[in-house]
Amino acid sequence: MSPNREFWTSSKGFVLAMAGSAIGLGNIWRFSYIMGKYGGAAFILVYLAAIFLIGLPIMLCELSLGRASGKGPLEAMTELAPRRTTLSFLTAVALILGAAAFVFKGMYFHAGVAGFFALGALLFGWGFLGFTVTFLTPLMIAVFYSVVGGWIIIYTIVSPLGKIFRDPAASAELLGNIVTASGGKYWVTVAAASAFFLATALIVMAGVQKGIERFSKIFMPLIFILIIVIIVRVLTLPNAKEGLRFLFLPDFSKMTAEGVMAALGQAFFTLSLGSGVGIAYGSYLGRSSSLPKTAFTIVLLDTIASILAGLAIFPLLFSTGLSPEEGTSLVFKVLPIAFGKLPLSALWGTLFFFTLLLAALTSSISMLEGAVQGLMQKLYLPRGKAVLLLIIVLGPLVPLTAVSSANFANVPKLGQFFTETLKLRSESFFAILDNTTCLWLMPLAGLMTLLFVSYVWGNKKALEEMNCFNAFDWLFSKIWLFVVRFVSPVLVILAFLKGLGIFF
Ligand code: PHE
């Protein structure tokens, strides 16, 4: 490990920073809209299974890879094993078969992507997985995340006035103008998304300890408190029971193949997996902390945050007669109504959106961190210049995604290109980024990480890296060993096959 790498000031600081990455818009905005779309309780069950049987084991793999290599996601794998192995070759073969299946189904865009990955795996072996989790996936996420982050900025700014909480028409107008961009005021959306992206970049420029850790430490607890305040209020509303039923009584008839994939994708997204974060942050972690306890704490905090968000949002949603299938604007429809029902609504609302903004920032900075680390290592750039490069390359994509967030109607030419030329069914550039990363790139990278740790690097080394201190760690690591080898990879593969309609 190079001597000048920064370290987390403490193990607690690390947990908070990882939790800061995990807890964000994924828990409140994305979890609610995806769960609403795929039917509540049944979705939650599949999601929880995915979190504990796939997510947690993968997080442990990522943290140990990061700490063992002492390098960021770009080079962690190639540092610990030969660049090309039998398994990387077999992966390329599987991807070529996948590409052929897509061609057969007339899904040319998917075929192209699978082909691209096959070529990458053939030429660069495990280095290609490093490239994907360092640059491709997290940066694509950073772009669409900035758009939602921008919406949160706008809500934070207008909240102190309190109008959107008192007057449903004002809330609907704001929503129309910025989230669904139906009012034609794109410039507000574009400016806000760009501001969020730039704020993220500036914090990353400030460096690991100063920038990230300080932020996380102060604000993470507040978001929990605020959500609990909303829950207490909304549970007493008429018809709140309907929402609880939706959250806790499963209706498996709604659990389609798409729903299973969506639950898996959400598990990856919410835990920031398959996107280099665990490896990047793990590489800054000192030798003394035990990984099982750390990973378990992070996953638990994140899951509690999501379930609490569900409890805050769905009872109210049903009590106001809104549909759970509102899509990306779901929380923006529900939350202003929730605050409207509290005394001092402007105060609570402002506090909430401000905290959510900070939670979103502690997530978005983690998306850039691995890429910045990679650029610093490969191009010998100082941190500031590496961040600047990211701003120049990614910056233009942010406004583009912001204007296409509602639908392609705002950018018809682009829409035509995606829907007619590439035959993609997604309704917007925003949705394409969201779907490609959550449904495909993250689970695939997660699967490859599992296989890498089990069959290339070796579980024994991963176990040594975990530092098991007590009986809990020990038991946990034994279970992990079994799950990571036999359970998680099989489940991810089954979910893929189900999603592709190839199997059951
Ligand atoms: N986990 C973050 C959230 O829930 C999003 C994220 C995804 C962050 C991938 C980093 C990498 O908001």
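Within any chain, residue numbers begin from 1 and follow the written order of that chain's sequence. Reporting in this predicted model follows two pLDDT cut-offs: at least 70 for local features of residues, and 80 or more for side-chain atom pairs to be given and counted; totals over whole chains, interfaces and linings ignore these cut-offs and use all residues. Only heavy atoms go into the side-chain values, all of them from the structure, while hydrogens and water stay out.

Some words on the overall build of the chain
Note the following rule: We count a stretch as a helix when DSSP gives it H or I for four or more residues in a row; a strand needs E for two or more, and each element gets its number in order from the N terminus. Atoms counted for the radius of gyration: C-alpha only. Globule rule: 2.2 Å times residue count to the power 0.38. The buried label applies to any residue whose accessible area, calculated with a 1.4 Å probe on protein chains only, is under 20% of its type's maximum; exposed applies above 50%, and partly exposed to all values in between. In what follows, a contact means two residues having at least one pair of non-hydrogen atoms within 4.5 Å. Here the open area of atoms and residues is found with the Shrake-Rupley method and a 1.4 Å probe, where only the protein chains shown may cover a residue. When charges are counted, Lys and Arg contribute as positive and Asp and Glu as negative, whereas His and the chain ends are disregarded. In plain terms, the charge of a residue is placed at NZ if it is Lys, CZ if Arg, CG if Asp and CD if Glu.
For the chain, the count of helices and strands is 22 helices and 0 strands. Its C-alpha atoms give the chain a radius of gyration of 22 Å, near enough to 23 Å, the size a compact globule of 504 residues would have. Here the C-alpha coordinates of the chain stretch approximately 60 × 50 × 50 Å along the principal axes. Split into buried and exposed, the 504 residues of the chain put 58% on the buried side. Taking the intrachain contacts of the chain between residues at least 6 apart in sequence as the baseline, contacts between residues at least 24 apart amount to 81%. Counting only carbon and sulfur atoms, one obtains 71% of the accessible surface of the chain, whose full area is about 19600 Å². For the chain, the distance from the average site of its 34 positive side-chain charges to the average site of its 20 negative ones is 3 Å.

Concerning the site of the ligand
Cut-off, in case you're wondering: Residues are counted as near a molecule or strand when any one of their heavy atoms sits within 4 Å of it. As used in this structure description, the phrase polar contact means that two N or O atoms lie within 3.5 Å; if the pair is within protein, one of them must be able to donate a hydrogen and the other to accept it, and residues adjacent in sequence are counted only when both atoms belong to side chains. The pocket and cavity definitions rest on a 1 Å grid over protein atoms only: a 1.4 Å probe that fits but cannot leave marks a cavity, an open set with protein on both sides within 12 Å along at least five of seven lines marks a pocket, and residues lining either have an atom within 4 Å of a point. Think of it this way: if more than half of a molecule's atoms are within 2 Å of a pocket's grid points, that molecule is in the pocket or cavity. Residues are sorted three ways: Asp, Glu, Lys and Arg are charged, Ala, Val, Leu, Ile, Met, Phe, Trp, Tyr, Cys and Pro are nonpolar, and all the rest, Gly among them, are polar.
Taken together, 16 residues lie near the ligand, and Ala-22, Gly-26, Tyr-145, Phe-269 and Ser-272 sit nearest. The backbone of Phe-269 places a nitrogen or oxygen atom 2.8 Å from a nitrogen atom of the ligand. Here a nitrogen atom of the ligand and a side-chain polar atom of Ser-272 are 3.0 Å apart. The cavity that encloses the ligand is the largest cavity. Elements supplying a minimum of two residues to the shell around the ligand: helix H1 (11-22), helix H2 (25-37), helix H7 (126-158), helix H13 (257-270) and helix H17 (345-379). Split by residue class, the shell around the ligand holds 7 nonpolar, 9 polar and no charged.

A few points about the nonpolar core
Selection rule: Residues belong to a common nonpolar core when they are buried Ala, Val, Leu, Ile, Met, Phe, Trp, Tyr or Cys residues joined through side-chain atoms within 4.5 Å.
Ranked by size, the top nonpolar core spans 158 residues in total, and within it Ile-28, Trp-29, Phe-43, Met-59, Tyr-155, Phe-332 and Phe-352 carry the most contacts. The greatest single-element share of this core, amounting to 19 residues, is contributed by H7. Among residues more than four places away in sequence, those in contact with Phe-43 are Phe-31, Ile-34, Met-35, Tyr-38, Met-255, Gly-259, Ala-262, Ala-263 and Gln-266.

Observations concerning unusual backbone geometry
The phi angle at Asn-239 is positive, at roughly 70°, despite the residue not being glycine. By relative accessible area, which is 44% here, Asn-239 ends up partly exposed.

Notes on the state of the cysteines
A covalent bond bridging the sulfur atoms of two cysteines is what the word disulfide describes. What counts here: Put simply, a disulfide is two cysteine sulfurs that come within 2.5 Å.
Applying the stated criterion across every chain yields a total of 0 disulfides. With no disulfide of its own, Cys-438 lies 20 Å from the sulfur of Cys-61, the closest cysteine sulfur.

Quick notes on the pattern of salt bridges
Put simply, the rule reads: Whenever Lys or Arg places a side-chain nitrogen within 4 Å of a carboxyl oxygen from Asp or Glu, that contact is recorded as a salt bridge.
As enumerated under the stated definition, the model contains 9 salt bridges in all. Its salt-bridge partner being Glu-75, residue Lys-378 comes within 3.3 Å of it at the nearest N-O pair. Placement of Lys-378 in helix H17 and of Glu-75 in helix H4 (residues 73-80) is noted, with a sequence separation of 303 residues between them. Salt-bridge contacts for Arg-245 lead to Glu-242; the nearest nitrogen and oxygen are separated by 3.2 Å. With Arg-245 and Glu-242 both in helix H12 (residues 240-248), this residue pair falls 3 residues apart, about one helical turn. For Arg-245, a relative accessible area of 42% translates into the label partly exposed. Salt bridges linked by common partners bring Lys-71, Glu-75, Glu-79 and Lys-378 together as one network.

Here's the deal with the environment of Ala-42
Locating Ala-42 in the fold gives a position in helix H3 (residues 41-69). Taking relative accessible area as the criterion, Ala-42 reaches 0% and is therefore assigned buried. Put simply, Ala-42 and Arg-84 are 42 residues apart on the chain and 41 Å apart in space, counted from C-alpha to C-alpha. Discounting residues that sit within four places of it in the chain, Ala-42 has contacts with Pro-250, Asp-251, Phe-252 and Met-255.

Re empty space enclosed by the protein
The condition that has to hold: Grid points are joined across faces, edges and corners, and a volume is the space filled by probe spheres set on the points.
Considering all chains together, one arrives at 3 cavities of 30 Å³ or more under this definition. For the largest cavity, the calculated volume is near 130 Å³. If you trace the largest cavity, you find 15 residues lining it, with Ser-21, Ile-141, Phe-269, Ser-272 and Met-367 closest to the centre. At the level of elements, H1, H7, H13 and H17 are the ones that each hand at least two residues to the lining of the largest cavity.

Brief notes about a nonpolar patch on the surface
Rules: The patches described consist of residues with a relative accessible area above 30% and no salt bridge, like charges being joined within 9 Å and nonpolar side chains (Val, Leu, Ile, Met, Phe, Trp, Tyr) within 5 Å.
On the surface, Phe-89, Leu-90, Val-93, Ile-96, Leu-97, Leu-119, Leu-122, Leu-123 and Phe-124 cluster together into a nonpolar patch covering about 860 Å² of accessible area. For the nonpolar patch, the elements supplying multiple residues, two or more each, are helix H5 (86-105) and helix H6 (108-124). Within the secondary structure layout, Leu-123 lies in helix H6.

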